[in-house]
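Each chain, written out:
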Amino acid sequence: MSDHPTDFVGSIEDAITSSVKARIPDAVVAVAGGGGHYRIDVVSTVFAGKSMLENQRLVLGAIKHLINGDHAPVHAVDSLITRTP
């Protein structure tokens, strides 16, 4: 992990989780990482019948405000797993 400068205040893991759940209410979200690099695992019925790319776009779209900008708290999503229950 790198030392990633950010002006974000609070738990980045909680911010990722709440942002995904706001977009996907039935989601079970697990987030791990630090230093700007995170691993995200999301389980939801909304992924049924969708491609892996569609699923990943849905999750990344939910956290784009945490990724965009010079001092964003999320520098990279090193692993993104999406699956149905």
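Going by the structure above, here's the rest.
Report follows, based on the coordinates. Note that this is a predicted model, so its numbers are computed, not measured.

Here we look at the pairing of strand E1 (residues 28-34)
Relative to strand E2 (residues 37-43), E1 runs antiparallel, the two sharing seven bridges. For Val 29, the partnering residue across the bridge sits in E2 and is Val 42. Once E1 ends, the chain turns through two residues before running back antiparallel as E2, passing Gly 35 with a positive phi of about 60 degrees.

Observations regarding the pattern of salt bridges
Taken as a whole, this structure holds one salt bridge when the rule is applied. Note that Arg 83 and Asp 41 form a salt bridge whose closest N and O atoms lie 3.0 Å from each other. Of this pair, Arg 83 sits in strand E3 (residues 76-83) while Asp 41 sits in strand E2, and the two are 42 residues apart along the sequence. The exposure class assigned to Arg 83 is partly exposed, which follows from its relative accessible area of 42%.

A few points about the environment of Ile 81
Relative to the assigned elements, Ile 81 resides in strand E3. When its relative accessible area of 39% is taken as the criterion, Ile 81 is described as partly exposed. Leave out the neighbours within four places in its chain, and Ile 81 touches Ile 40, Asp 41 and Val 42.

A closer look at the packing of helix H1 (residues 12-23) against helix H2 (residues 52-62)
The geometry of H1 relative to H2 is characterised by a closest axis approach of 8 Å and an angle of 120 degrees between their N-to-C directions. When the axes of H1 and H2 are compared, the pair comes out oblique. You can see that H1 and H2 cross each other, and the crossing is right-handed. Contacts between H1 and H2 involve Ser 19, Val 20 and Arg 23 from the first element and Leu 58, Val 59, Gly 61 and Ala 62 from the second.

Comments concerning the environment of Ile 12
By secondary structure assignment, the location of Ile 12 is in helix H1. Relative accessible area serves as the criterion here: at 12%, Ile 12 is assigned to the buried category. Placed 60 residues apart in sequence, Ile 12 and Ala 72 show a C-alpha to C-alpha distance of 10 Å. If we ignore the near neighbours within four places in the chain, the residues touching Ile 12 are Tyr 38, Pro 73 and Val 74.

Rules and cut-offs
Residues numbered from 1 in each chain as written. Predicted model: local features only at pLDDT ≥ 70, side-chain atom pairs only at ≥ 80, totals over all residues. Heavy atoms only, no water. Pairing = 2+ DSSP bridges. Helix = DSSP H or I, 4+ residues; strand = E, 2+ residues; numbered from the N terminus. Salt bridge = Lys/Arg side-chain N within 4 Å of Asp/Glu carboxyl O. Buried < 20%, exposed > 50% of the residue type's maximum accessible area, 1.4 Å probe, protein only. Contact = heavy atoms within 4.5 Å. Axes fitted to C-alpha atoms, helices over the stretch in contact; angles between N-to-C directions. Parallel < 35°, antiparallel > 145°, perpendicular 65-115°, else oblique. Left-handed = near helix turned anticlockwise from the far one by under 90°.

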